[in-house]
Amino acid sequence: IAKNVLTIATGKKIYADMAANLARSFLWWHPNSNVRFRLITDQPQNFPPDLLQKLELITIKPGEHGHGFYPKISLDLLASEGQTLFIDSDSLIFGNLETVFKKFEGHAVSVIGGYISEGEWFGDVAAICRRFNVAQYPKFNGGVYYLEKGALAAEVYKTARELEKSYDEIGFVRFRNSAADEVLMALAMELHQQKPLKDDGTIAGDLQSCPGKTDLNVVTGKRVLNNPPSPHPKHQAWYPFTRVSPLTVHFLGHYTQQFPYKREAFRLKKVLQGKNKMLTHIVAKIWIELPMTAAETFKNLFRPLFRKLIGFRRIKPSDRI
């Protein structure tokens, strides 16, 4: 059975840049693998030619599969035959993914997470459950999706697209002025009895769930994320783990602008060019990690004084919107 890793880079150039980094991390960890990396994009001109020679590139027209998060509820139309593991472009791979395909095998559509039946998650969960006569539905981070091409997967995604048409009426809350793919897929999965893979911290992790100190090296495969234990101010009470070592790390939001991501992206580019690993490590530390950590330390130190004298700065719009 064919195995495919799929990512999407449409719209702004930043998505092409992130997808290129994700592709490099895949190539580094799958030098002689039968797993294929498939890249869906409307901007092939923004990828280095040498990288494109090693990938399967599928070019689409701008807006062909919608805008915002809509392409993620169209994965059945973008996936090829066999098993497909979708990974968000703002992620990096820290090891071989063969074991992930084995864990997901047999699921028509799946994610990594648990269940939610009440509270708030892009809307009033209990109210939405009552509306659709379900006891619960999956809760997860949409940085990873799994599907096996076939009639059942097509039905799940068709349902998600139908639900999107009534997004506001259902009571879902928009994210960045767009419909959130997670809640649409969660409800569609539940309506078709598709179950998530229980999150054990080994497949996927992100820096929002684990905002503590990281220990990452994409070249060696070292990956440690920390959710500081309570009562630490950064502790995420909703996340069940305090320390995880996931094969994929999702640098969602502003985290792609911080040093762990930029350092690892630099490492990947250089080692795939044949540069010495130790020299690359030293250069990355001197030219990326140290200046960025020093700047962050300086800002944290003087932020209270700055706010007292000048007030709060306006929040910059996201470069992804």
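Described in the following lines is the structure provided in the data block.

Calculation rules
- Residues numbered from 1 in each chain as written.
- Predicted model: local features only at pLDDT ≥ 70, side-chain atom pairs only at ≥ 80, totals over all residues.
- Heavy atoms only, no water.
- Helix = DSSP H or I, 4+ residues; strand = E, 2+ residues; numbered from the N terminus.
- Expected span 1.5 Å × (residues − 1).
- Buried < 20%, exposed > 50% of the residue type's maximum accessible area, 1.4 Å probe, protein only.
- Pairing = 2+ DSSP bridges.
- Axes fitted to C-alpha atoms, helices over the stretch in contact; angles between N-to-C directions.
- Phe/Tyr/Trp six-rings, centres within 6.5 Å; stacked < 30°, edge-to-face > 60°.

Now for helix H1 (residues 13-29). Helical periodicity: at 3.6 residues per turn, an α-helix aligns residues three or four positions apart in one direction. Counted at 1.5 Å a residue, the expected span for H1 with its 17 residues is 24 Å, and the 25 Å between its end C-alpha atoms agrees. Taking burial as the measure, the 17 residues of H1 include 13 buried ones, the bulk of the element.

Taken in spatial order, the three strands line up as S5-S15-S11 in an open sheet, and their pairing is mixed. Since the sheet does not close on itself, it has two edges, and those belong to strand S5 (91-93) and strand S11 (204-206), each with one partner. Each adjacent strand pair in this sheet contributes to an overall mean axis angle of 20°, direction not counted. Inspection of the sheet shows S5 paired to strand S15 (residues 248-250) by three bridges, in the antiparallel sense. Across the sheet, the residue bridging to Leu-92 is Val-249, located in S15.

This next bit is on the packing of aromatic side chains. Each aromatic ring pair is characterised by the separation of its centres together with the angle its planes make. Going through the model one piece at a time under the given rule, you end up with 13 aromatic pairs. Relative to Tyr-145, the ring of Phe-86 lies with its centre 6.2 Å away and its plane at 45°, an arrangement referred to as tilted. Of the two residues, Phe-86 is situated in strand S4 (residues 83-87) and Tyr-145 in strand S9 (residues 144-148); the sequence distance between them amounts to 59 residues. For the pair formed by Phe-86 and Tyr-145, the shared burial category is buried. When the centroid spacing of 5.5 Å and the interplanar angle of 75° are considered together, the rings of Tyr-239 and Phe-241 count as edge-to-face.

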